[in-house]
Amino acid sequence: MSKKINLKALSKDEISGFMEQQGLPKYRTDQLLDWLYIRYAASLDDITEFSKDLRKRLGGIACIGNLQLVKRQQSSDGTEKFLFELEDGQTIESVLIPDKDRLTLCISSQVGCAMGCRFCLTGKSGLIRNLRAWEIVEQILSVNRLIMPKKITNIVFMGMGEPLANFDEVVEALKRIISYFGISKRRITLSTSGLAPKILELPGRAPEVNLAISLNATTDAVRDRLMPINKKYPIRSLLDACGKFPLRPRRLLTFEYVLIAGVNDSVEDGSRLVRLLRGLRCKVNLIPLNPPDPHAGSDLQRPSDAAVLAFQKVLEENNMTVLIRESKGQDILAACGQLRGRYSVERAAAGRQERRG
Ligand code: SAH
Ligand code: SF4
């Protein structure tokens, strides 16, 4: 028997086409979309607006794909982390960050990541595979279903993976997020390690979402070491691409800067950062390095609070907008692929136990 069509994997137009092929009128397509994305139907049987016969007929050829929740953990700071299993058994994480009237979901765009940044646990596993657009969107749907009647208001692509390395699926996901959940493009942020040519491609191809760039160093020598992608697209070419990125009035680029003790956190680095970003409409988020997972075996350290404040002061004295962003949910390893790292370790350990036992 041929594999069933996953209705979640279809775009709106493809769903219309599919329903038409089945000889169904347009209002049925609208009902289906409503049940999929507003009422979060998990199976065709949930769609009680369709007759039993229709559900059975559609069920013979189509299905509704879902992510399986493997683990849900709440941090003392209110951050919640969700680990989802994909249909092929791979796992990804999404992190929910409540802040005043906002509910931000940090989502993954790939399983693993090929960029190999030295400070990032996701980078350690290498790239396992790209997520499909529907798997990116499904993280939002699954969390919305779990937190009903509340709804996610903001999206950041800062979970696992490099979104611009999975360009087509991420662009399609952006379109679907905006149209299915009514989340405004101003409330969506893509974060990239700096794939300069893809930054230039974005404006013509994707909705105008916010762009964040993980800069993390002020010299090519240091950035080459921390982020191997810099050898391909050095700081100058990256910032040139950023300068060409069209910004609406009052919108700013965000530069993320992970502070690492003795590596990129000196006041000289601060002054160099000011010079590099001069002329760009931007703000800077300073992120003190998240203490590495004990399993990760990294030698990089988080700077002292005094060093973080001194770095911030250099930027402020030069009239830059700068915020210190603590990684959320540190007690549950919520930041930057840490849950998956731990889960894989636990699972591997369980496997060893089983084999022994
Ligand atoms: N691949 C994209 C998006 C995911 S990473 C990117 O690199 O931008 C999201 C953010 O987490 C990036 O700014 C990255 O620099 C930061 N990050 C990664 N590991 C970190 C760690 N151990 N501590 C603090 N921030 C980290
Ligand atoms: Fe990939 Fe971003 Fe981690 Fe670098 S920081 S390895 S680009 S997820």
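First, a word on what this report is: a plain description of the structure on this page. (Residues numbered from 1 in each chain as written. Chains lettered and ligands numbered in written order. Predicted model: local features only at pLDDT ≥ 70, side-chain atom pairs only at ≥ 80, totals over all residues. Heavy atoms only, no water.)

**Considering the overall build of the chain**
1) Next: A count of helical and extended segments in the chain gives 13 helices and 14 strands.
2) Next: Within the chain, buried positions represent 53% of all 357 residues.
3) Next: Approximately 16,800 Å² of the chain is accessible, and the part contributed by carbon and sulfur atoms is 50%. (Helix = DSSP H or I, 4+ residues; strand = E, 2+ residues; numbered from the N terminus. Buried < 20%, exposed > 50% of the residue type's maximum accessible area, 1.4 Å probe, protein only. Areas by Shrake-Rupley, 256 points an atom, 1.4 Å probe, with all protein chains shown as cover.)

**Description of the side chain of Arg129**
1) Next: You can see Arg129 is positioned in strand S8 (residues 127–130).
2) Next: What makes Arg129 buried here is its relative accessible area of 19%.
3) Next: With residues up to four places along the chain from it excluded, the contact list for Arg129 reads Leu86, Asp88, Gln90, Gln110, Val111 and Glu135. (Contact = heavy atoms within 4.5 Å.)

**As for the packing of aromatic side chains**
1) Next: Overall, the coordinates contain 4 aromatic pairs when judged by the stated rule.
2) Next: Ring centres of Tyr37 and Phe181 lie 6.3 Å apart, and the angle between their planes is 80°; on these two criteria the pair is classed as edge-to-face. Here Tyr37 is found in helix H2 (residues 26–37), whereas its partner Phe181 is found in helix H6 (residues 167–181), with 144 residues between them in sequence. An identical accessibility class is assigned to Tyr37 and Phe181; each is buried.
3) Next: Through successive ring pairs, a cluster of aromatic residues spans Tyr37, Tyr180 and Phe181.
4) Next: Directly above the aromatic system of Trp35 lies the positively charged group of Arg39, at a separation of 4.2 Å from the ring centroid.
5) Next: Above the ring of Phe167, the side-chain terminus of Lys198 is found at 5.1 Å from the ring centroid. (Phe/Tyr/Trp six-rings, centres within 6.5 Å; stacked < 30°, edge-to-face > 60°. Lys NZ or Arg CZ within 6 Å of the ring centre and 35° of its normal.)

**Quick notes on the site of ligand 1**
1) Next: Close to ligand 1 lie 18 residues; Phe119, Gly161, Ser191, Ser214 and Asn290 are nearest.
2) Next: Residue Gly161 places a main-chain N or O atom 2.9 Å away from a nitrogen atom belonging to ligand 1.
3) Next: A distance of 2.6 Å separates an oxygen atom of ligand 1 from a polar side-chain atom of Ser214.
4) Next: When ligand 1 sits alone it has 530 Å² of accessible area, and the protein chains cover 94% of it.
5) Next: Only strand S10 (188–192) and strand S12 (253–259) provide two or more residues apiece to the shell around ligand 1.
6) Next: Of the residues contributing to the shell around ligand 1, the split by class is 8 nonpolar, 8 polar and 2 charged. (Near = heavy atom within 4 Å. Polar contact = N/O pair within 3.5 Å; in protein donor to acceptor, adjacent residues only side chain to side chain. Nonpolar A, V, L, I, M, F, W, Y, C, P; charged D, E, K, R; others polar.)

**Some words on H2**
1) Next: When the terminal C-alpha atoms of H2 are compared, their 17 Å separation across 12 residues agrees well with the 16 Å that a helix rising 1.5 Å per residue should span.
2) Next: Buried residues of H2: Arg28, Thr29, Gln31, Leu32, Leu33, Trp35, Leu36 and Tyr37, and no others.
3) Next: Elements that come into contact with the buried residues of H2 comprise helix H1 (12–21), helix H3 (52–61), helix H5 (133–146) and H6. (Expected span 1.5 Å × (residues − 1).)

**Some words on the pattern of salt bridges**
1) Next: One pass over the structure, following the stated rule, counts 18 salt bridges.
2) Next: Here Arg176 makes a salt bridge to Glu172, at a shortest N to O gap of 2.8 Å. Taken together, the residues span about one helical turn, with Arg176 and Glu172 both in helix H6 at a distance of 4 residues.
3) Next: With relative accessibility at 7%, the residue Arg176 sits in the buried group.
4) Next: On the basis of relative accessible area, Glu172 is assigned to the partly exposed category, the value being 24%.
5) Next: Taken together, the salt bridges that share partners define one network made up of Asp168, Lys198, Glu201 and Arg205. (Salt bridge = Lys/Arg side-chain N within 4 Å of Asp/Glu carboxyl O.)

**Overview of the side chain of Thr218**
1) Next: As for its position among the elements, Thr218 is in the loop between strand S11 (210–214) and helix H8 (220–226).
2) Next: A distance of 2.6 Å separates a polar atom in the side chain of Thr218 from a polar atom in the side chain of Asp269.
3) Next: Side-chain polar atoms of Thr218 contact the side chain of Arg272, separated by 2.9 Å.
4) Next: When sequence neighbours within four positions are dropped, the list of residues in contact with Thr218 reads Ile235, Tyr257, Asp269, Arg272, Leu273 and Leu276.

**A short note on the site of ligand 2**
1) Next: Around ligand 2 lies a shell formed by Cys113, Met115, Gly116, Cys117, Phe119, Cys120, Gly123, Gly161 and Ser193.
2) Next: Considering only residue class, the shell around ligand 2 consists of 5 nonpolar, 4 polar and no charged.

**Things to note about the sheet that holds strand S6 (residues 102–106)**
1) Next: The sheet built from 10 strands is open, its strands ordered S3-S4-S5-S6-S9-S10-S11-S12-S13-S14 with mixed pairing. The strands lining the two open edges of the sheet, one partner per strand, are strand S3 (68–74) and strand S14 (321–324). Going across the sheet, the axis of each strand differs from the next one's by a mean of 20°, ignoring polarity.
2) Next: As defined by bridge partners, S12 adjoins strand S13 (residues 282–288) across 7 bridges and the pair is classed as parallel. Note that in S13 the partner of Glu256 across the bridge is Asn285.
3) Next: Packed onto the sheet, H5 meets S3, strand S4 (80–85), strand S5 (91–99), S6 and strand S9 (154–157) and runs at close to 125° relative to S4. (Pairing = 2+ DSSP bridges. Axes fitted to C-alpha atoms, helices over the stretch in contact; angles between N-to-C directions.)

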